[in-house]
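Structural overview for review
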Amino acid sequence: VLALVTFSTFVSSITGAMAKLAALQRQRVDEEKRLRDFLASKKISLWLGHRILASFRQWVAHRSATTKPEDLPFLDQLPASEKMQLRTEMFQKYLTEHPVFFHVADYDMAALMNICNSAIAECSYYP
């Protein structure tokens, strides 16, 4: 009986994940169809339309490959000290590549933590 319940739960979780994946795929297909319809309604040239669709597909691939803290609601529930430490570890390695911030980190780590938590925002651009 326990094995049957465990197996049923496992199958249910797989089914739920597959449904979610199908919904995401359907959303991407709908977005692409709306873009195609837009390009056709505006009589955009095939050459430019093809380039725009290629950029769209690249953007979709990039969008699904990057996870930002805003995508993880759980992180909002962390205590303030852990959020500060998380942001510091996220950005410190990039800041300290610059000699000024390298010395700031050596001299006053609290100042570097303040910079990481108040003066930096994460953004990404697709090529």
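Up top is the structure these notes are about.
Because the structure is predicted, anything quoted here is derived from the model rather than measured.

Conventions adopted
Residues numbered from 1 in each chain as written. Predicted model: local features only at pLDDT ≥ 70, side-chain atom pairs only at ≥ 80, totals over all residues. Heavy atoms only, no water. Helix = DSSP H or I, 4+ residues; strand = E, 2+ residues; numbered from the N terminus. Rg over C-alpha atoms; globule rule 2.2 N^0.38 Å. Contact = heavy atoms within 4.5 Å. Areas by Shrake-Rupley, 256 points an atom, 1.4 Å probe, with all protein chains shown as cover. Patch = residues over 30% accessible without salt bridge, like charges linked within 9 Å, V, L, I, M, F, W, Y side chains within 5 Å. Salt bridge = Lys/Arg side-chain N within 4 Å of Asp/Glu carboxyl O. Lys, Arg positive; Asp, Glu negative; His and termini not counted. Charge placed at Lys NZ, Arg CZ, Asp CG, Glu CD. Buried < 20%, exposed > 50% of the residue type's maximum accessible area, 1.4 Å probe, protein only. Arc of directions from axis to C-beta.

A closer look at the overall build of the chain
For the chain, the count of helices and strands is 5 helices and 0 strands. Helices and strands in the chain line up, N terminus first, as α-α-α-α-α. On C-alpha atoms alone, the chain measures out to a radius of gyration of 23 Å, which is more than a quarter above the 14 Å that the 2.2 N^0.38 rule sets for 127 residues. A separation of at least 24 residues holds for 54% of the contacts in the chain among residues at least 6 apart in sequence. Of the roughly 10200 Å² of accessible surface on the chain, 64% is carried by carbon and sulfur atoms.

Regarding a negative patch on the surface
Taken together, the side chains of Glu70, Asp71, Asp76 and Glu122 define an acidic patch exposed on the protein surface. On the secondary structure map, Glu70 appears in the loop between α2 (46–65) and α3 (80–95).

So, the side chain of Thr88
You can see Thr88 is positioned in helix α3. A residue is classified by how much of its surface remains accessible, and Thr88, at 1% relative accessible area, is buried. With sequence-adjacent residues up to four places away left out, Thr88 is seen in contact with Met109, Met113, Cys116 and Asn117.

Brief notes about unusual backbone geometry
At Lys43, a position not held by glycine, the phi torsion is positive, near 55°. Position of Lys43 relative to the elements: it lies in the loop between α1 (2–41) and α2.

So, helix α5 (residues 109–118)
Among all positions of α5, only Leu112, Met113 and Cys116 are buried. Seen end-on, α5 carries its buried residues on one side only, within an arc spanning 100°.

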